[in-house]
Amino acid sequence: MLTPQSVIAVIGSGTMGAGIAQVAAQAGHPVKIYDIQPGAASRAIDNIATVLSARVAKGKLTEIDKNATVRRLSAANSLNELADAALVIEAAAEQIDIKQAIFRDLAAVCSAQTIFASNTSSISITAIASGVEHPHRVAGMHFFNPAPVMKLVEVVSGLETAPAVLEGLTTLALRWGKQPVRCHSTPGFIVNRVARPFYSEAWRALEENIAPAGVIDAALRDCGGFPMGPLALTDLIGQDVNFAVTCSVFNGFWQERRFLPSLIQQELVLGKRLGKKTGQGVYRWPFNEALPYLPAEPAMAGAKQICCHGRAAWLNNHSSSDSVTESSLELDDVWVQVTQGETATQLAKRLQRPVVLLDLVNDWQRSPLVVLAAAAHNRPEDTGKVIHFFQQQGKQVLMINDYPGMLVWRTVAMLANEATDAAQKGVASEQDIDTAMRLGVNYPHGPLAWGAELGWQHVLRLLENLQQHYGEERYRPTSLLRQRTLLETQHEH
């Protein structure tokens, strides 16, 4: 039974370990920190005190609370000093043999009732528990960085994990002011599994020279509503760290093509261009994320005739699935619509007229820009009319090469597809999947809610067009997505 007075032990005093220790101590627990490196635990406590002092200086914490928190923290010189811990949270290196050895040694020291939790982000909880006496007490408790700030905690069950242990950790996380989500131990759990398309689609666009990195990031950030562009985010995380997680998930799913790692990212890792921490990654750091792209030149000539079909969200700022995906615009003889997964050139051939496609925008009113792609045989003046139209709407215009599904739409479709796969396979509840993606990586919507809002039939059509274009399993729609589409169309009739 974990009470507000239970002793909490934390193994590892790095960024995550220290952050978890701070959370537990601020919640009122006596906390013991152990690190294999001599002096590391004491230094972590000093750093926590410095962080808390900064909060006092900003008026966000009282001096009394800060001193009380620091007094609850102590450094342990050996695992034997953790014998009275009711919960041990391991935040050591992401290597299974290290984690198994730690818990095996702790099992000989702690009582049989002590709960063992790993902060691993991708290693199987079942595998970690397999060499531990009383494996029913082993679970995952995956915090997100920085642990004192981020609300989400993934509470992960292995094959042997007891329901009472999961309930205890879930209740504890709530008491610590966190939002727990429950999931089963599968590669990447919820967040690191469902988030893979956010990165992989950006790497693919970069590999295929669809647009410069700054344009790809601007599209996902300013049009998609994501807090940061995926390429800049991998620089911030560390290319080595992000690549390792991708490889872990890819191999964990027996080389499933949806999780295929990027050769460009591998090259960056091999070249030690790891991002912000080395000063060079996709970008040179420090850099201004708002500036590494050039909007289209102001177009001089507009269309003489404008004809709108449907409730075009990009005209009247309405936001519904039909207004986004089913409406179109004619500027003289130029056909303009949101991408449905075909290239502009394919559509132009079928319609026998110039075509410009528009990428998905999460919030048409607030987005500062739109992303367009023109059919290969458009005349410059044809495309110029569309650029002029959106510039007159007060938008910056970014042009990308003709690309099926463009940047934002295909990413959102793949995120929704991956979330349906996780839901269908019982990794977590649909509510927990959406909560995890909103709180763990700050997506503007949970991917399942987003798919429903956009319309599952539209998500399905886009994925099927991508699958046909590439001839790859990567874009295969899940069976649950197809079921949702059938239910959606039945409700319409």
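Just so it is clear, the model here is predicted, and its values are computed rather than measured. (Residues numbered from 1 in each chain as written. Predicted model: local features only at pLDDT ≥ 70, side-chain atom pairs only at ≥ 80, totals over all residues. Heavy atoms only, no water.)

Draft legend 1. Expanded view of the packing of aromatic side chains. Considering all chains together, one arrives at 12 aromatic pairs under this definition. Aromatic pair Phe 198 and Phe 226: ring centres 4.7 Å apart, planes at 40 degrees, arrangement tilted. Here Phe 198 is found in helix α8 (residues 196–207), whereas its partner Phe 226 is found in the loop between α9 (213–223) and α10 (230–237), with 28 residues between them in sequence. Measuring from ring centre to ring centre gives 5.5 Å for Phe 198 and Tyr 443, while their planes differ by 50 degrees; the resulting arrangement is tilted. With a gap of 245 residues between them, Phe 198 in helix α8 and Tyr 443 in the loop between α18 (430–440) and α19 (447–454) connect regions that are remote in the sequence. Relative accessible area serves as the criterion here: at 6%, Tyr 443 is assigned to the buried category. Through a chain of ring-to-ring contacts, three or more aromatic side chains come together here, namely Phe 198, Tyr 199, Phe 226, Tyr 443 and Trp 450. If you follow Arg 204 out to its NZ or CZ, it ends over the ring of Tyr 470, 4.1 Å from the centre. (Phe/Tyr/Trp six-rings, centres within 6.5 Å; stacked < 30°, edge-to-face > 60°. Helix = DSSP H or I, 4+ residues; strand = E, 2+ residues; numbered from the N terminus. Buried < 20%, exposed > 50% of the residue type's maximum accessible area, 1.4 Å probe, protein only. Lys NZ or Arg CZ within 6 Å of the ring centre and 35° of its normal.)

Draft legend 2. The side chain of Ser 262, seen in detail. You can see Ser 262 is positioned in the loop between α11 (239–252) and α12 (263–270). A distance of 2.8 Å separates the side chain of Ser 262 from the side chain of Glu 207, its partner in a polar contact. Beyond its immediate sequence surroundings of up to four residues, Ser 262 is in contact with Trp 203, Glu 207 and Phe 243. (Polar contact = N/O pair within 3.5 Å; in protein donor to acceptor, adjacent residues only side chain to side chain. Contact = heavy atoms within 4.5 Å.)

Draft legend 3. Spotlight on the packing of helix α2 (residues 40–57) against helix α3 (residues 63–71). For the pair α2 and α3, the least separation of the axes is 9 Å and the interaxial angle reads 170 degrees. Considered as vectors, α2 and α3 are oriented roughly antiparallel to each other. Where α2 abuts α3, its residues Ala 49, Leu 52, Ser 53 and Val 56 lie against Glu 63, Lys 66, Thr 69 and Val 70. Taken together, the residues of the contact of α2 with α3 break down into 4 nonpolar, 2 polar and 2 charged. (Axes fitted to C-alpha atoms, helices over the stretch in contact; angles between N-to-C directions. Parallel < 35°, antiparallel > 145°, perpendicular 65-115°, else oblique. Nonpolar A, V, L, I, M, F, W, Y, C, P; charged D, E, K, R; others polar.)

Draft legend 4. The arrangement of helix α15 (residues 344–351) in detail. Turning to α15, its buried residues number three or more, namely Ala 344, Leu 347 and Ala 348. Axial view of α15: buried residues confined to an arc of 100 degrees, hence all on one face. Exposed residues lying more than 90 degrees from the buried face of α15 are Lys 349 and Arg 350. Looking at the buried side of α15, the elements it contacts are β11 (334–338), β12 (355–358) and β13 (369–374). Where α15 ends, the next residue or the one after it, Gln 352, has phi of about 55 degrees, a positive value. (Arc of directions from axis to C-beta.)

Draft legend 5. Structural view of the confidence of the model for the protein. Taken as a whole, the protein shows an average pLDDT of 94; of its residues, 96% reach a score of 70 or greater. Below a pLDDT of 50 lies the segment residues 317–321, which in the model reaches 13 contacts outside its immediate sequence neighbourhood of four places, other chains included. (pLDDT = per-residue confidence, 0-100.)

Draft legend 6. Fine view of the sheet that holds β11. The strand order β9-β10-β11-β12-β13-β14 describes an open sheet built from 6 strands, whose pairing is mixed. What marks the edges here is a single partner per strand, and that holds for β9 (306–309) and β14 (396–399). For this sheet the average axis-to-axis angle between neighbouring strands, irrespective of direction, equals 25 degrees. Pairing analysis gives 3 bridges linking β12 to β13, with the strands arranged antiparallel. Following the sheet pairing, Val 356 is matched in β13 by Ala 374. Helix-sheet contacts for α15 involve β11, β12 and β13, and the interaxial angle to β12 is about 135 degrees. (Pairing = 2+ DSSP bridges.)

Draft legend 7. Fine view of the pairing of β11. The element β11 is extensively covered by neighbouring structure, given that 5 of its 5 residues are classed as buried. Neither face of β11 is open: one carries Val 334, Val 336 and Val 338, the other Trp 335 and Gln 337, and all of them are buried. Where strand β10 (residues 328–331) lies against β11, 4 bridges are found, and the strand directions are antiparallel. Looking at β11, one finds that Leu 331 is bridged to Val 334.

Draft legend 8. Representation of unusual backbone geometry. Of note, the bond from Asn 145 into Pro 146 is cis; its omega dihedral lies within 30 degrees of zero at -5 degrees. Looking at where Pro 146 falls in the secondary structure, it is placed in the loop between β6 (138–143) and β7 (152–157). The linkage connecting Trp 285 with the following residue, Pro 286, adopts the cis geometry, with an omega of -5 degrees. Relative to the elements of secondary structure, Pro 286 occurs in the loop between α12 and β9. We note that His 134 has phi near 60 degrees; this positive angle belongs to a residue other than glycine. Following the sequence through the fold, His 134 ends up in the loop between α5 (125–129) and β6.

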